[in-house]
Amino acid sequence: MFEELLIKPLYNAFVYLIGVVPGGDVGLAIVVLTLIVRALFYPAFTASIRTQMGMRAAQGELDEINKKYKDDPKVRTERTMALFKEKKIRPLAGLVALLIQIPIFIALYLVFFREGLPEIDMGLLYSFVSVPALVQTNFLGFLDLLAAHNVVLAAIVGGTQYLVTRLSLARTPAKASSPEKEAAHRMQRTLMLYMLPGLMPVLTYTFPAGVGIYFVTGNLVSIAQEWYLRRQKNVTK
């Protein structure tokens, strides 16, 4: 089912894009396919970002509710949910965005590299998708997408991921709800700021360079999306 619902449609879209991008450039096809996937799931990612922004804006009110009704969990929950409804905060939006990303990433990785590019698996193609006349695995003529251990690309992925993580942390509450939790909160933010930006370059260095192109494209989309939503929020104030 996973292959029929995700891998096969993505593979056909990928092969089709290779056939229409200039020079059959697989790297350009990866960029375009990543942009299409992100556009399709734009509402889920947008809801996640807006929810985090709303949570940060409402943190003072949440702290007040927690303090006022600390001995009455039922009322505290009711007041918290009422606040979320008033501020149009959807706590599960971030989880939905994460659950979407995991299978999509696995499917895209399998699509890009399991099928043995530059060869095309005819058995996976739909009848209306043609085999590209040219399959160029050197992105823009110089970056071998099938080769691993690219230090420069790994550094670019790390830098863009660090920026994405900083922007993400800026949406979350800067302080914990109580002094007792402040140290743990600071440690958690520090781990988030450096763990993922440290892990992504390692993965990029280990995997074929095409994975790095996917990571960079996704990070740049996230940065652009963040900028757009913040600008939109400032305009509506």
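Let us look at the structure shown here. (Residues numbered from 1 in each chain as written. Predicted model: local features only at pLDDT ≥ 70, side-chain atom pairs only at ≥ 80, totals over all residues. Heavy atoms only, no water.)

## Overview of the overall build of the protein
From N to C terminus, the protein includes 9 helices and 2 strands. Counted from the first residue to the last, the protein has its helices and strands arranged as α-α-α-α-α-α-β-β-α-α-α. Across the 237 residues of the protein, 42% fall into the buried class. Total accessible area on the protein is roughly 13800 Å²; 65% of this is exposed by carbon and sulfur atoms. (Helix = DSSP H or I, 4+ residues; strand = E, 2+ residues; numbered from the N terminus. Buried < 20%, exposed > 50% of the residue type's maximum accessible area, 1.4 Å probe, protein only. Areas by Shrake-Rupley, 256 points an atom, 1.4 Å probe, with all protein chains shown as cover.)

## Quick notes on the environment of Val75
Take Val75: it is sitting in helix H5 (residues 73-87). Accessibility expressed as a relative area gives 21% for Val75, which makes it partly exposed. For Val75 and Ile65, which are 10 residues apart along the polypeptide, the C-alpha to C-alpha distance reads 9.2 Å.

## Quick notes on the nonpolar core
Phe14, Val26, Ile30, Leu33 and Phe112 are the most contacted members of the largest nonpolar core, which totals 36 residues. At the level of elements, helix H1 (2-20), helix H2 (26-40), helix H6 (93-114), helix H7 (151-169) and helix H9 (209-236) are the ones that each hand at least two residues to this core. For this core, the element with the highest residue contribution is H1, accounting for 7 residues. Not counting residues up to four positions away in its chain, the partners in contact with Ile30 are Phe14, Phe112, Leu145, Gly210, Ile213 and Tyr214. (Core = buried A, V, L, I, M, F, W, Y, C linked by side-chain atoms within 4.5 Å. Contact = heavy atoms within 4.5 Å.)

## What to know about the side chain of Asn219
One can find Asn219 in helix H9. With relative accessibility at 7%, the residue Asn219 sits in the buried group. A polar atom in the side chain of Asn219 sits 2.9 Å from the side chain of Thr160. (Polar contact = N/O pair within 3.5 Å; in protein donor to acceptor, adjacent residues only side chain to side chain.)

## Things to note about the side chain of Thr34
Within the secondary structure layout, Thr34 lies in helix H2. Separated by 2.7 Å, the side chain of Thr34 and the backbone oxygen of Ile30 make a polar contact. Residue contacts for Thr34: discarding those within four places in its chain leaves Tyr214, Thr217 and Gly218.

## A look at the environment of Pro201
When you line up the elements, Pro201 lands in helix H8 (residues 179-206). Residues Pro201 and Gly212, spaced 11 residues apart in sequence, show a C-alpha to C-alpha distance of 8.3 Å. Excluding residues that lie within four positions of it along the chain, Pro201 makes contacts with Ala154, Val157, Gly158 and Leu196.

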